[in-house]
Structure formats: C-alpha cells, structure tokens
Amino acid sequence: MKTELLMQMDGLNKSDDLVFVLAASNLPWELDPAMLRRLEKRILVDLPTRVHTWMAFMLARAQLHAHRWMAGPGTAHRPRADVIDTKGAA
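The structure reproduced in this document is the subject of the present report. Remember, it's a predicted structure, so these values are computed and weren't measured experimentally.

Attention now goes to the overall build of the chain. Looking only at helices and strands, one finds three helices and zero strands in the chain. Ordered by position in the sequence, the α and β elements of the chain form the string α-α-α.

Following this line, the structure appears as structure tokens:
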C-alpha cells in the first residue's frame, strides 16, 4: 500500500494539474524518508499547554451556556428556529 501511495504521488508531480495534498500524522518522526521527500513543506504543531487547554475548555463552556441561555428554559437540547442563522448556509 505504501508503494502504491508513493507511485501516485510521483504521478502528481508529473501532472500539469494543480493538486493540494494535506497529510497529517501523530508520529511525524516515524514517517518514511521517501514520503518526507515528496512532502515539500512541513509544519509541526505542538501539543497545547495546560493554559491553552484550559482556555479552550472555558471558551467551549461559555458557548454552551450562551446557546442554552438563547434557547430559553426547557429547550436546551432543541434549537429554536429564530436562533439559527440560515443566511450563511449553502
């Protein structure tokens, strides 16, 4: 399977078509050197710190409470039609 993927990526390099390849790995240091050569740019995203994790949790919690407050009593699990923004959909 790895050989097939590498062959397909080689075919992308020879093509005139514009193709964007996004790859992600939990273990980037375990990637095959042949695969790393084909992926031109690399961005290492480190794990969040405790402070950033806490901030993300508090933001999600605040959004949940805001949604419940806007929905009104007894409708916490059922969104109201006047609260839902349908203008940006499509």
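Scanning all chains against the criterion turns up one salt bridge. The closest approach of N and O atoms between Arg38 and Asp10, which form a salt bridge, is 2.9 Å. Taken as a pair, Arg38 in helix H2 (residues 33–38) and Asp10 in helix H1 (residues 2–14) lie far apart in primary sequence, 28 residues in all. For Arg38, a relative accessible area of 22% translates into the label partly exposed. Take Asp10: its relative accessible area is 28%, and that puts it in the partly exposed class.

Ranked by size, the top nonpolar core spans five residues in total: Leu6, Met9, Ala34, Met35 and Leu39. In this structure Leu39 touches Met9, Val21 and Ala23, once residues within four positions along its chain are discounted.

What follows covers a nonpolar patch on the surface. On the surface, Leu12, Val19 and Val21 cluster together to form a nonpolar patch covering roughly 220 Å² of accessible area. Within the fold, Leu12 resides in helix H1. On the basis of relative accessible area, Leu12 is assigned to the partly exposed category, the value being 33%.

Thresholds, definitions, all that
- Residues numbered from 1 in each chain as written.
- Predicted model: local features only at pLDDT ≥ 70, side-chain atom pairs only at ≥ 80, totals over all residues.
- Heavy atoms only, no water.
- Helix = DSSP H or I, 4+ residues; strand = E, 2+ residues; numbered from the N terminus.
- Salt bridge = Lys/Arg side-chain N within 4 Å of Asp/Glu carboxyl O.
- Buried < 20%, exposed > 50% of the residue type's maximum accessible area, 1.4 Å probe, protein only.
- Core = buried A, V, L, I, M, F, W, Y, C linked by side-chain atoms within 4.5 Å.
- Contact = heavy atoms within 4.5 Å.
- Patch = residues over 30% accessible without salt bridge, like charges linked within 9 Å, V, L, I, M, F, W, Y side chains within 5 Å.
- Areas by Shrake-Rupley, 256 points an atom, 1.4 Å probe, with all protein chains shown as cover.

Coordinates in, geometry out; function isn't part of it.
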